[in-house]
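What the coordinates show
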Protein chains: 2
Amino acid sequence: MPELFQVVTTAEANARLAGHMSTPGRVEMVPIDAALDRVLAEDLYSPCNLPAFPRSTMDGFAVRAADTHGASEGLPAYLTLCGETPMGRPPDLTVGPGQAIRIHTGGMLPAGSDAVVMVEHTQALDATMLEVVRPVAAGENVIPVGEDVRAGDLLFARGHRLRPQDLGGLAGVGVIAVPVMARPRVAILASGDEVVPADATPGPAQVRDINSHTIAALVRRHGGEPSMCGIARDDAAELERMARAALERADALIISAGSSVSTRDMTATVIASLGAPGILVHGVAIHPGKPTILAVADGRPVFGLPGNPVSTMIAFELFVVPALRRLLGVVSGDVFVVQARLSRNIASRPGREDYVPIRLEQREDGLWADPVFGKSNLIYTMAHADGLVQVPLDLAGLYAGELVTVWRFV
Amino acid sequence: MPELFQVVTTAEANARLAGHMSTPGRVEMVPIDAALDRVLAEDLYSPCNLPAFPRSTMDGFAVRAADTHGASEGLPAYLTLCGETPMGRPPDLTVGPGQAIRIHTGGMLPAGSDAVVMVEHTQALDATMLEVVRPVAAGENVIPVGEDVRAGDLLFARGHRLRPQDLGGLAGVGVIAVPVMARPRVAILASGDEVVPADATPGPAQVRDINSHTIAALVRRHGGEPSMCGIARDDAAELERMARAALERADALIISAGSSVSTRDMTATVIASLGAPGILVHGVAIHPGKPTILAVADGRPVFGLPGNPVSTMIAFELFVVPALRRLLGVVSGDVFVVQARLSRNIASRPGREDYVPIRLEQREDGLWADPVFGKSNLIYTMAHADGLVQVPLDLAGLYAGELVTVWRFV
């Protein structure tokens, strides 16, 4: 096939490739502690409520809220202290009218109680008499059953890349293994009569293989499993034989093509022969990286990347990364950002740095940071966030519409 | 030890920790293909020139530049075509005055020649007569010996985190294994009478361990080797025994502390007993995460992270990440950015996207993007860059001082 440059844009090139790729869809189960950055193959639903029982968020006293209504410094409520809730065991006591039971942060509310009075708002007059100087509303200082996540809730959708907080969230509901997409196997083939392996001593006019190593690391970084398939001579038959062998055991093939016109033509001819529909793009309106070849061989993407190391990396980012994401079915974004516009006011207190979980939203007018206001006891506050925004030490808050720096979760 | 909150700022907290940590400094050799994201333990110097011979960057003809001076469409230079340079073998021909030898991109310049005329600027009149219609300067379309990197040049400094292009660059000079810092071993200990392992079925009032899993993944993400050391009961003797055992085999210890005041006090007491100098920080001016404990036990950092999952993550990012970077001796930045101010004009051509390697520079007035102008044949163009800036399809360039979006290399 002669070099027939029909240069297309990056977007058009990716659209053509996407239109012909089939995704392999191999799924494997992995333990959560080995699932960092893996991509979920199925929607995951919660098998249980989290928490499964009403928990105190404070050290204090479990009470009936109504018993504290109207309480103040001047006119305290007086309750009878009936004991203490243990940690990790259900309280065997019941809070009756006018009664209080000591409770710790994370403890289970005893039957009969519906709120927790912070210890700071009480005074124990003796072993059984408690003075309460501030009223609490029903539910105050309590995480109700299922506030973090409810049984049957969608935890994470298919295509979600699992982050540390997501793994914590899965542990929290007892999901200790997850179905994830198998890593796409990406075969890497270098070519060129002048190229020798990195561990060889090049003769005069020979160079060591650089691109196989760069590409392998890029494949790994973007969730694939690279396999280096050697260096083909500038010989169509050898290149075709090696390319076919490489593609046989792979979900995608990357050929680091030679840079001269003749070897590029040869690479194109070989790629065209590997399977249907063959070459979709030969030449993209980018610099450097113009002579990039994109093809599909029986559902599997094949890339002819320019031989120059800089062009190789740019073409990889522009074309191979989206293809890997498609093979993995990745839905969540991968770009790291810091500047976004705040969607709502965030109140803070001077003298401390506040960190507020943020969900990032790409709108027509740019990137917006949407605060996720949730108790810090809830792991899914983090699982639902994309990053954090900091309110600096000396500010009383941040204003809606402000450009803020978002610390994006990797 | 009673809870004695002497709340300090994040910066002060990290400074105290840094002042008492010793770095373990264990070094290991790893093959470059397993070295992605590892941190160099030594300065690395190039054992050779790259390229080792003058290479053509174009398909064309190796000539003596002087023979083309004054050549134009109207008054071409006529040269005698004497043969072709092979790829991968040294040319056995010499270019004499008035002679030209066909050469391919990446080929070695024959003796006597000092420039390459692009094929587009020539016409072969017959098998031996070449018409040249554009002059070339000496060195034009040639990569001289050592232009990418010279023998003895510093390739990467100790503390550099190895990226895909760096591994390619190492392959290019035949460095196939590198000395890197061993991954810091980080022991993780959960605590709390109410906490059960994620694979257990919690009884009433019990919760599954969330934080160990989140923390382990965070440790892994930031270059450490996590080891989960179980769940300690709310019992000082048990916590101390498990903490000592965990720390014995680790470079750092993270205790996911309980949230109630009494268990926090117990955690502080245990941490204080693990080694000198003990607790350095107990309480930081952040929200959430205030009750964070930072300590050093005989050189090894010990963290008491608040039990709340959100606080845990924030305290991890603020205090554990810098400590891990210190243990690894990481020098290069890890924050992903997109907005920076361009330091110089970048010329481009409408109708194509240009990608220019960028070095990021943090100045007093913000982040600057400094274009790295280098031939795309040179791997160290990428190895010296922090990211890429895109000149969009429809622009003729970008201007110095403009705020540009930098695609940061991970």
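The shown structure was predicted, so the numbers you read here are calculated from the model rather than taken from an experiment.

What follows concerns the overall build of chain A. Within chain A one finds seven helices and 28 strands. Overall size of chain A, expressed as C-alpha extent along the three principal axes, is 95 × 40 × 40 Å. By residue count, 52% of the 410 residues in chain A fall in the buried class. Long-range pairs, those at least 24 residues apart, make up 73% of the contacts in chain A between residues at least 6 apart in sequence.

To continue, consider the interface of chain A and chain B. Every contact between the two is made by 80 residues of chain A and, on the other side, 80 residues of chain B. Those elements that place two or more of their residues in the side of chain A that touches chain B are helix H2 (164–172), strand E15 (207–208), helix H3 (211–221), helix H5 (261–272), strand E19 (286–287), helix H6 (309–328), strand E24 (353–363) and helix H7 (379–383) of chain A. Examining the composition of the side of chain A that touches chain B, we find that eight residues originate from one element, H3(A), more than from any other. Across the side of chain A that touches chain B, the residue classes tally to 39 nonpolar, 26 polar and 15 charged. Where E24(A) meets strand E19 (residues 286–287) of chain B, two bridges bridge the pair, whose relative direction is parallel. Note on E19(B): the bridge partner recorded for A:Asp354 is B:His287.

Residue and element names in this part refer to chain A. The principal kink in H6, of about 40°, is found at Phe 316. The element H6 is largely enclosed, with a buried count of 16 among its 20 residues. A positive phi of about 70° marks Gly 329, the residue just after H6.

The next thing to look at is the relation of the copies chain A and chain B. Mapping chain A onto chain B leaves a residual RMSD of 0.1 Å; the transformation is a rotation of 180° accompanied by 0.0 Å of translation along its axis. On the angle and the small slide along the axis, the relation comes out as a two-fold axis. When the interface residues of chain A are mapped onto chain B, 100% of them are again interface residues, pointing to one common binding face.

Take unusual backbone geometry next. When glycine is set aside, most residues are seen to have a negative phi, and most peptide bonds are trans. Cis geometry is found at the peptide bond from A:His287 to A:Pro288, where omega equals -5°. Mapped onto the fold, A:Pro288 is located in the loop between E19 and strand E20 (293–297). Cis rather than trans, the peptide bond between B:Ala276 and B:Pro277 has omega equal to -5°. Note that B:Pro277 resides in strand E18 (residues 277–282). Backbone geometry at A:Ala205 places phi at a positive 75°, although glycine is not the residue there. Although it is not a glycine, B:Asp37 sits at a positive phi angle of roughly 70°.

Another point: the sheet that holds strand E4 (residues 60–63) of chain B. All names here are of chain B. Across the sheet, six strands lie side by side as E7-E4-E6-E5-E9-E8; this open sheet has mixed pairing. Strands at the two margins of the open sheet, each flanked by one partner only, are strand E7 (115–118) and strand E8 (122–124). Shown here is a sheet whose adjacent strand axes are inclined to one another by a mean of 40°, direction ignored. Inspection of the sheet shows strand E5 (residues 77–84) paired to strand E9 (residues 129–132) by four bridges, in the antiparallel sense.

Size of an interface, as often reported, equals the accessible area lost when the parts are brought together. What the domain assignment reports for chain A is domain 1 (10–26 + 183–328), domain 2 (29–50 + 147–181), domain 3 (55–143) and domain 4 (339–408). Centre-to-centre, using C-alpha coordinates, domain 2 of chain A lies 35 Å away from domain 3 of chain A.

Time to look at the sheet that holds strand E21 (residues 300–305) of chain A. All names here are of chain A. With mixed pairing, six strands are arranged side by side in an open sheet as E16-E13-E17-E21-E20-E18. Sheet topology places strand E16 (225–232) and strand E18 (277–282) at the edges, where each strand pairs with a single neighbour. Going across the sheet, the axis of each strand differs from the next one's by a mean of 20°, ignoring polarity. Looking at chain direction, strand E13 (residues 185–191) and strand E17 (residues 252–256) are connected through five bridges and run parallel. Looking across to E17, one finds that Ile 188 is bridged to Ile 254. Most of the contacts of H6 go to E21, to which it runs at about 175°, and overall it touches E17, E20 and E21.

All names here are of chain A. Relative to the helices and strands, Leu 239 resides in helix H4 (residues 236–248). The class of Leu 239 is buried, set by 24 C-beta atoms lying within 10 Å. C-alpha separation for the pair Leu 239 and Leu 189, spaced 50 residues apart in sequence, amounts to 8.8 Å. The contacts of Leu 239, once residues within four sequence positions are left out, are Ser 191, Ala 232, Met 266, Thr 267 and Val 270.

A word on the packing of H4(A) against H5(A). All names here are of chain A. At a minimum axis separation of 10 Å, H4 and H5 run at an interaxial angle of 45°. By the angle between their directions, the pair H4 and H5 is classed as oblique. Here H4 and H5 pass one another in a crossing that is right-handed. For the pair formed by H4 and H5, the contact residues are Ala 236, Leu 239, Glu 240 and Ala 243 on the first element and Met 266, Thr 267, Thr 269 and Val 270 on the second. Within the contact of H4 with H5, the residues separate by chemical class into five nonpolar, two polar and one charged.

In this section: the pairing of strand E25 (residues 366–371) of chain A. All names here are of chain A. Where strand E22 (residues 339–342) meets E25, two bridges bridge the pair, whose relative direction is parallel. Of the residues in E25, the one forming a bridge with Arg 341 is Trp 368. Between E24 and E25, which pair antiparallel one after the other, the connecting turn spans two residues.

Before going further, it helps to spend a moment on the environment of B:Leu154. Residue and element names in this part refer to chain B. Note that Leu 154 resides in strand E11 (residues 154–156). Judged by the 10 C-beta atoms lying within 10 Å of it, Leu 154 falls in the exposed class. For the pair Leu 154 and Arg 26, spaced 128 residues apart in sequence, the C-alpha to C-alpha distance is 22 Å. Once you skip the residues sitting within four places of it in the chain, Leu 154 turns out to touch Asp 43 and Tyr 45.

A few words now on helix H3 (residues 211–221) of chain B. With respect to burial, H3(B) is a largely interior element, nine of its eleven residues being buried. Along H3(B), the positions that sit buried rather than exposed are B:Asn211, B:Ser212, B:His213, B:Thr214, B:Ile215, B:Ala216, B:Ala217, B:Leu218 and B:Val219. In this fold, the buried residues of H3(B) make contact with H2 of chain A together with strand E13 (185–191), strand E16 (225–232), strand E17 (252–256) and helix H6 (309–328) of chain B. One or two positions beyond H3(B), positive phi appears at B:Gly223, with a value near 95°.

Note on placement: A:His287 falls in strand E19. Accessibility expressed as a C-beta count within 10 Å gives 17 for A:His287, which makes it partly exposed. Separated by 256 residues in the primary sequence, A:His287 and A:Pro31 place their C-alpha atoms 43 Å from one another. When sequence neighbours within four positions are dropped, the list of residues in contact with A:His287 reads B:Arg352 and B:Asp354.

About the thresholds
- Residues numbered from 1 in each chain as written.
- Chains lettered and ligands numbered in written order.
- Predicted model: local features only at pLDDT ≥ 70, side-chain atom pairs only at ≥ 80, totals over all residues.
- Helix = DSSP H or I, 4+ residues; strand = E, 2+ residues; numbered from the N terminus.
- Buried ≥ 20, exposed ≤ 12 C-beta atoms within 10 Å, placed from the backbone.
- Contact = placed C-beta atoms within 7 Å.
- Nonpolar A, V, L, I, M, F, W, Y, C, P; charged D, E, K, R; others polar.
- Pairing = 2+ DSSP bridges.
- Bend = angle between axes of the 7 residues up to and from the residue.
- Least-squares fit on C-alpha atoms with pLDDT ≥ 70 in both.
- Axes fitted to C-alpha atoms, helices over the stretch in contact; angles between N-to-C directions.
- Domains from an automatic or database assignment.
- Parallel < 35°, antiparallel > 145°, perpendicular 65-115°, else oblique.
- Left-handed = near helix turned anticlockwise from the far one by under 90°.

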